[in-house]
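Chain residues, written in single-letter form:
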Amino acid sequence: MTKPELVELLDSLEIPVNEGTPSDDNIEKPEIVYFWDYVWEDIVASGENYNTNVTYQISFLAEVPRSKKLLELKHKLNNIGLHPSIQHEYDPETRRWHSFFSLEVLENV
């Protein structure tokens, strides 16, 4: 998967998507996705760096633990052969569920 493919997949959910932290306009929406990169690993062949494997955290906030859009995202990933381990936590302060997982993406960094 490439970064443009990742963004296209997230946008296909038709809910707010932010790279980095959620925007102030979107933070109160019933469901939002936000993502950021946290690992860059050069891919080297024959001593030459020709691409970068970038690991992204994908975070999903929702008012319910198994929201329809989270399940839709899971199924879309599964349909393209990606099967991330999705973790969940409840935030009592906001009364929302945070589901998150990582994906490796090819990028020219």
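Below: a short report on this structure.

Cut-offs and rules
- Residues numbered from 1 in each chain as written.
- Predicted model: local features only at pLDDT ≥ 70, side-chain atom pairs only at ≥ 80, totals over all residues.
- Heavy atoms only, no water.
- Phe/Tyr/Trp six-rings, centres within 6.5 Å; stacked < 30°, edge-to-face > 60°.
- Buried < 20%, exposed > 50% of the residue type's maximum accessible area, 1.4 Å probe, protein only.
- Helix = DSSP H or I, 4+ residues; strand = E, 2+ residues; numbered from the N terminus.
- Lys, Arg positive; Asp, Glu negative; His and termini not counted.
- Salt bridge = Lys/Arg side-chain N within 4 Å of Asp/Glu carboxyl O.
- Polar contact = N/O pair within 3.5 Å; in protein donor to acceptor, adjacent residues only side chain to side chain.
- Contact = heavy atoms within 4.5 Å.

### Topic: the packing of aromatic side chains
Phase 1 of the analysis: Under the defined criterion, the tally for this structure stands at three aromatic pairs.
Phase 2 of the analysis: Relative to Trp97, the ring of Tyr90 lies with its centre 4.9 Å away and its plane at 50°, an arrangement referred to as tilted.
Phase 3 of the analysis: On the basis of relative accessible area, Tyr90 is assigned to the partly exposed category, the value being 40%.

### Observations concerning the side chain of Arg96
Phase 1 of the analysis: With respect to the helices and strands, Arg96 occurs in strand S5 (residues 96-107).
Phase 2 of the analysis: This buried residue, Arg96, is left without a salt bridge; Glu63 holds the nearest opposite charge, at 5.2 Å.
Phase 3 of the analysis: Only 2.5 Å separates the side chain of Arg96 from the backbone oxygen of Lys29, close enough to count as a polar contact.
Phase 4 of the analysis: If near-sequence neighbours (up to four positions away) are discounted, Arg96 is found in contact with Ile27, Glu28, Lys29, Pro30, Glu31, Leu61, Ala62, Glu63, Glu89, Tyr90 and Asp91.

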